[in-house]
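Per-entry structural report
Residues per chain are reported as follows:
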Amino acid sequence: VKKMLIKLKWLNELVDLSGISLTEIINKLNLYSTEVENAYPLITATQLVVGHVLNKQTHPNSDHLSVVNVDVGKDAPLQIVCGAPNIDVNQKVIVALVGAKLPGDVVIKQTKIRGIDSFGMVCSLQEIGIEKKFIDEKYLDGIYYFEEDVPVGMKAELALGLDDDVIEINVMPNRGDLLSLIGEAYELSALFNRPLK
């Protein structure tokens, strides 16, 4: 038995699945086609937004921490203490707001770091649940910053293109046609009587 991971937005580029819920897709595949082992969102972290770094100062009680003010689209910028060596002014970054939940049961709280208040966290891709093997080398030792212009306050998972679900299927040896995205698109096209794009 082989495993196949399918990102639903990619699948939707090949066959129109609009108006069909994830549950319906899973049920039809389980009933007529192949076993769906799991389904989950690409990112489970909550309350992530795009922030704009307005200024940066060295932390008065640390030589490796910075204190930044970040506009997150709310009334006032947030003061955040950050340890990433690559954070800089004018970057668009991922900010976990106070109350955000990150992988590993991490909850972001308002806190004091070496005597300075911090109201959130500027995140790396690993901290929001992206595996190291998928991350560009320049972001491995620090925070992620957007190269393109993205709106401040936007949900970070939308800006990253990671607001999607993945289904994990088991493909039996007699269904090698399902080991590709186009094969899955043909299957779902037939199951739901929807045209291929």
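Residues numbered from 1 in each chain as written. Predicted model: local features only at pLDDT ≥ 70, side-chain atom pairs only at ≥ 80, totals over all residues. Heavy atoms only, no water.

1. Notes on the overall build of the protein chain
On a plain count of helices and strands, the protein chain comes out with four helices and 12 strands. For the C-alpha atoms alone, the extent of the protein chain along its principal axes is close to 65 × 30 × 30 Å. Across the 197 residues in the protein chain, those meeting the buried criterion constitute 42%. On the protein chain, roughly 10,800 Å² of surface is accessible, and the fraction owed to carbon and sulfur atoms is 50%. In the protein chain, 19 side chains carry a positive charge and 27 a negative one; their mean positions are 2 Å apart. (Helix = DSSP H or I, 4+ residues; strand = E, 2+ residues; numbered from the N terminus. Buried < 20%, exposed > 50% of the residue type's maximum accessible area, 1.4 Å probe, protein only. Areas by Shrake-Rupley, 256 points an atom, 1.4 Å probe, with all protein chains shown as cover. Lys, Arg positive; Asp, Glu negative; His and termini not counted. Charge placed at Lys NZ, Arg CZ, Asp CG, Glu CD.)

2. Quick word on the state of the cysteines
Per the counting criterion, the structure on display carries zero disulfides. Unpaired in terms of disulfides, Cys-82 finds its nearest cysteine sulfur in Cys-123, a separation of 9.1 Å. (Disulfide = S-S within 2.5 Å.)

3. With respect to the side chain of Ser-66
With respect to the helices, strands and loops of the structure, Ser-66 is situated in strand 4 (residues 66–71). Its relative accessible area of 8% is what places Ser-66 among the buried residues. Once you skip the residues sitting within four places of it in the chain, Ser-66 turns out to touch Lys-56, Gln-57, His-59, Ile-80, Val-81, Cys-82 and Ile-87. (Contact = heavy atoms within 4.5 Å.)

4. Quick word on unusual backbone geometry
Unlike most non-glycine residues, Gln-47 shows phi in positive territory, near 55°. Structurally, Gln-47 can be placed in the loop between strand 2 (35–41) and strand 3 (48–58). Of the residues examined, Gln-47 reaches a relative accessible area of 41% and is grouped as partly exposed.

5. A few points about helix 2 (residues 22–32)
For helix 2, the set of buried residues is Ile-25, Ile-26 and Leu-29. Burial along helix 2 is one-sided: seen end-on, the buried residues are contained in an arc of 95°. Across from the buried face of helix 2, at angles greater than 90 degrees, the exposed residues are Leu-31 and Tyr-32. (Arc of directions from axis to C-beta.)

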